[in-house]
Amino acid sequence: MAAALTHLGAQGEANMVDVGDKQETTRTAIAEGFVSMQPETLKTILAGNAKKGDVLGTARIAGIMAAKRTHELVPLCHPLLLTKISVDIEPDHALPGLKVTALARVTGKTGVEMEALTAASVACLTIYDMAKAVDRAMVISGIRLVEKTGGKSGDYKVGA
């Protein structure tokens, strides 16, 4: 049997989950996303020659800022006191493009999957925004939860 949707009330209305009685545990989530682009666009970004400035540094900061504001963007998310957020961006010449990996951690009563996913998404969007002048055909793809630990529902890892 499939698990029930936790954000729906008895009549199917939107519902913020009550986490008051849950145990505080350390919870971590890792999400990823990809930005595919022309090889020349990747070279421009890696050389630091984009007209808008440091694409990778700006995308990293944007992802961190977005994770901290997830509850303002996704209506039924709880505000969290995040203990760690990191955004790593690495070139993938086979794509060609960039791979974004975001990690979010909290000691609390609810998970941080949405914060990690938001960080990865906004970092990818920022890469697109900063490089669109040279490559409007870039494609953002593969945004997904890769791993999560902690909490009542247990651990999750892609492919496991």
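Residues numbered from 1 in each chain as written. Predicted model: local features only at pLDDT ≥ 70, side-chain atom pairs only at ≥ 80, totals over all residues. Heavy atoms only, no water.

**Student:** How should helix 1 (residues 39-47) be read in this particular structure?
**Tutor:** Residues three or four positions apart in an α-helix share a direction because the helix packs 3.6 residues into each turn. Taken together, the buried positions of helix 1 are Thr41, Leu42 and Ile45. End-on, the buried residues of helix 1 take up no more than an arc of 100 degrees, which puts them together on one face. Looking at helix 1, the residues exposed on the side facing more than 90 degrees away from the buried face are Glu40, Lys43 and Ala47. In this structure, the buried side of helix 1 is in contact with helix 2 (55-68), strand 2 (84-92), strand 3 (97-108) and helix 4 (113-131). Positive backbone phi, at 75 degrees, marks glycine 48, one or two positions downstream of helix 1. (Buried < 20%, exposed > 50% of the residue type's maximum accessible area, 1.4 Å probe, protein only. Helix = DSSP H or I, 4+ residues; strand = E, 2+ residues; numbered from the N terminus. Arc of directions from axis to C-beta. Contact = heavy atoms within 4.5 Å.)

**Student:** Can you walk me through the pairing of strand 2 in this structure?
**Tutor:** Note on strand geometry: in a regular strand, side chains alternate between the two faces of the sheet. By the bridge criterion, nine bridges tie strand 2 to strand 3 in an arrangement that is antiparallel. Pairing of valine 87 across the sheet is with alanine 102, part of strand 3. In sequence, strand 2 turns back onto strand 3 through a hairpin of four residues. (Pairing = 2+ DSSP bridges.)

**Student:** How should I be thinking about the sheet that holds strand 4 (residues 139-149) in this particular structure?
**Tutor:** Either a parallel or an antiparallel arrangement is found when strands of a sheet pair, and the pairing is made through backbone hydrogen bonds. On the basis of which strands lie adjacent, the open sheet formed by five strands has the order 2-3-1-4-5 and antiparallel pairing. Only two strands of the sheet have a single partner each, and these edge strands are strand 2 and strand 5 (156-157). Docked against the sheet, helix 2 engages strand 2 and strand 3, running at close to 145 degrees with respect to strand 2. The strands touched by helix 4 within the sheet are strand 1 (25-36), strand 2, strand 3 and strand 4, with strand 1 carrying the most contacts at an inclination of about 25 degrees. (Axes fitted to C-alpha atoms, helices over the stretch in contact; angles between N-to-C directions.)

**Student:** Hey, could you run me through helix 2 in this one?
**Tutor:** Under the 1.5 Å per step criterion, the end-to-end length of helix 2 is 20 Å for 14 residues, consistent within 8% with the ideal 20 Å. Considered for burial, the residues of helix 2 that qualify are Val55, Leu56, Gly57, Ala59, Ala62, Gly63, Ala66 and Ala67. Here the buried face of helix 2 lies against helix 1, helix 3 (70-73), strand 2, strand 3 and helix 4. (Expected span 1.5 Å × (residues − 1).)

**Student:** Please explain the side chain of glutamate 32 as it appears in this structure.
**Tutor:** Looking at the secondary structure, you find glutamate 32 in strand 1. Residue glutamate 32 is classed as buried on the basis of its relative accessible area, which comes to 8%. In terms of polar contacts, glutamate 32 uses its side chain to reach the side chain of arginine 144, at 2.8 Å. With near-sequence residues (within four places) excluded, glutamate 32 lies in contact with Lys99, Val100, Thr101, Ala120, Gly142, Ile143, Arg144 and Val146. (Polar contact = N/O pair within 3.5 Å; in protein donor to acceptor, adjacent residues only side chain to side chain.)

**Student:** I'm lost on the pattern of salt bridges in this one. Help?
**Tutor:** When their charged atoms lie close together, side chains carrying opposite charge are able to pair. In the structure shown here, the tally under the stated rule is six salt bridges. The salt bridge involving lysine 99 is made with glutamate 32; its shortest N-O contact spans 3.7 Å. Here lysine 99 is found in strand 3, whereas its partner glutamate 32 is found in strand 1, with 67 residues between them in sequence. The partner of glutamate 40 in a salt bridge is lysine 43, with the nearest N and O atoms 3.4 Å apart. A residue pair is termed a helical-turn pair when its members lie 3 or 4 positions apart in one helix, as glutamate 40 and lysine 43 do in helix 1 at three residues. For the pair formed by glutamate 40 and lysine 43, the shared burial category is exposed. Several salt bridges share partner residues, and in doing so they unite Glu32, Lys99 and Arg144 into one network. (Salt bridge = Lys/Arg side-chain N within 4 Å of Asp/Glu carboxyl O.)

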